[in-house]
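Close look at the chain arrangement
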Amino acid sequence: MRRKSLVERVRLLGRAGIDVVQAMGRSTLFLLSSLFGRSGLRNGSQLLIRQLYSVGVLSLPIIVVAGLFIGMVLALQGYNILTSYGSEQAVGQMVALTLLRELGPVVTGLLFAGRAGSALTAEIGNMKSTEQLSSLEMIGVDPLKYIIAPRLWAGFISMPLLAAIFSVVGIWGGAMVAVDWLGVYEGSFWSNMQNSVQFTEDVLNGVVKSMVFAFVVTWIAVFQGYDCEPTSEGISRATTKTVVYGSLAVLGLDFILTALMFGDL
Amino acid sequence: MSAENAYAVELKGLTFKRGVRTIFENVDIRIPRGKVTGIMGPSGCGKTTLLRLIAAQLRPQGGEVWVNGQNLPSLSRAELFDMRKQFGVLFQSGALFTDLDVFENVAFPLRVHTKLSDEMIRDIVLMKLQAVGLRGAVELMPDELSGGMKRRVALARAIALDPQILMYDEPFVGQDPIAMGVLVRLIRLLNDALGLTSIVVSHDLAETASIADYIYVVGDGQVLGQGTPAELKNSDNPRIQQFMKGIPDGPVPFHYPAPDYLDDLLGVR
């Protein structure tokens, strides 16, 4: 192995910096040309529906199961804490607010990056390595319009819906644990929730969060697939990047959005 | 036939670099219309890159790529996609769409670019598949086909829109003798029957020489030689001789450049 001199290390650092800036530029141009401009495709809606199925509908099981368990755990933990103050009736309010404001959008974003994001990257990367994207270009079809755009839109549309389903199932799971198993009075569980949850403050802000996460995670996933090195190592690296970058982006953006929506910064 | 019409593709002073590495330096290649032209050279010399330059999937740093009277590097993205309808390309892997069956793969260009009725598309697809001998495989999925069959389906798809120029990227790699024989015959047959211009990029000497009317040998970013297969066999250029006869050492050395062997073993730096 050759040892690297200090100058070479500095040079590599600079190179890495330039690569990051170039990738950001490429990904922005990629996004703009995928979403805007004439597509010329006649079966666009059919392509979108197929992607809505594979990105959205096929992610439903993991979202429903995760939502159920998280709601149940929230109720259990909330009950244990609140009961020491004698206010276990507030458990419904706590479960609903936690899910709608935070865990619904965030956990859906993380699961979406892991389930649908990685699948999108691997699928597009595989199409690239088997020259299917080149082949589309040569047939005179723009792969950005035919392959990328429907996947982007499918991600944008399906993730906020998945986040809503996550929250609903989570609240239902919380009610099951708190009301049916731990014996919290049903009337106060639901009425406390109804009194404290605001539509714009809580529900709408959660929806805005999940829309932002949907945009960023799907963008990262399709770009990593399209930009990957067309080899098996390249595809596996790109898939890992999708999950890592996607998850970190969700968590980082969540803090910023929370600060803007609920904080007094 | 007028002079400018005699060539379907003309590369003039083409220069292409990847980073600091020069792949082609001031290359001139003319592909005669209606003929099968072979582009040969050792692995890694940029043959596939040349094909991608002709198809304008890559932009050269210098020079011109003229295809049917249009200089491709000067066209916009939309004009290029329109222009590419004149091309058919057979990729090394076949590049069939894995989520579509054989019928839909061949029908794909027709569905995208024409407004033909389903009956008409069905007839055309069956005719193209008949031409490559795979009409019986119409309902199979790509993963149910052998490597040779995939390439033949891809060939049927490449000729679906009746292109003027058909390009083959290493069509003979990894094929058994029967599949190879079928492909060799098909390339020649399709070229002559459909009046195409065919460009075959390959390093398989015997097969390419058996069907090509004219051959360019490329290497070191240059055109090393050109001529009919017979002319090249009798060439006195040592690099062409080494390539045509498959001699392991010569102008293209057997050893990758390395420091002195003895010094290296003794650890002298």
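Above this note sits the structure.
The notes below deal with the structure included here. (Residues numbered from 1 in each chain as written. Chains lettered and ligands numbered in written order. Predicted model: local features only at pLDDT ≥ 70, side-chain atom pairs only at ≥ 80, totals over all residues. Heavy atoms only, no water.)

Brief notes about the overall build of chain A
- Scanning chain A from terminus to terminus reveals 9 helices and 0 strands.
- For chain A, the N- to C-terminal ordering of α and β elements is α-α-α-α-α-α-α-α-α.
- Along the three orthogonal principal directions, the C-alpha set of chain A runs to about 65 × 55 × 35 Å.
- The 265 residues of chain A split such that 46% are buried.
- Sequence-distant contacts, at least 24 apart, represent 84% of the contacts inside chain A between residues at least 6 apart.
- Accessible area of chain A: about 13400 Å², with a carbon and sulfur share of 67%.
- Positive and negative side-chain charges of chain A, numbering 18 and 17 respectively, have mean locations separated by a distance of 14 Å. (Helix = DSSP H or I, 4+ residues; strand = E, 2+ residues; numbered from the N terminus. Buried < 20%, exposed > 50% of the residue type's maximum accessible area, 1.4 Å probe, protein only. Contact = heavy atoms within 4.5 Å. Areas by Shrake-Rupley, 256 points an atom, 1.4 Å probe, with all protein chains shown as cover. Lys, Arg positive; Asp, Glu negative; His and termini not counted. Charge placed at Lys NZ, Arg CZ, Asp CG, Glu CD.)

Looking at the interface of chain B and chain A
- Counting residues at the interface gives 26 residues for chain B, matched by 18 residues for chain A.
- Approximately 1900 Å² of surface area, both sides summed, lies buried where chain B meets chain A, with 53% of it carried by carbon and sulfur atoms.
- Where chain B packs against chain A, one counts 2 salt bridges.
- When the shortest N-O distance is used, the salt bridge between Arg52 of chain B and Glu131 of chain A registers 3.3 Å.
- At the junction of chain B and chain A, the tally comes to 7 residue pairs in polar contact (both at pLDDT 80 or more).
- Per-element accounting of the side of chain B that touches chain A gives the leading share, 5 residues, to helix 3 (residues 102–113) of chain B.
- When the residues that make up the side of chain B that touches chain A are grouped by side-chain class, the tally is 12 nonpolar, 6 polar and 8 charged. (Buried area = accessible area lost by both parts, 1.4 Å probe. Salt bridge = Lys/Arg side-chain N within 4 Å of Asp/Glu carboxyl O. Polar contact = N/O pair within 3.5 Å; in protein donor to acceptor, adjacent residues only side chain to side chain. Nonpolar A, V, L, I, M, F, W, Y, C, P; charged D, E, K, R; others polar.)

What about the nonpolar core?
- In terms of nonpolar packing, the biggest core is built from 62 residues, with Val141, Tyr146, Ile147, Ile148 and Phe189 of chain A together with Phe108 of chain B touching the most fellow members.
- Among the elements that make up this core, the one with the highest residue count is helix 6 (residues 143–181) of chain A (16 residues).
- When neighbours within four sequence positions are excluded, Phe108 of chain B is seen to be in contact with Leu136, Ile139, Val141 and Tyr146 of chain A together with Phe97 and Leu100 of chain B.
- Judged by nonpolar contacts, the second largest core, of 37 residues, contains Phe103, Leu129, Ala158 and Tyr168 of chain B. (Core = buried A, V, L, I, M, F, W, Y, C linked by side-chain atoms within 4.5 Å.)

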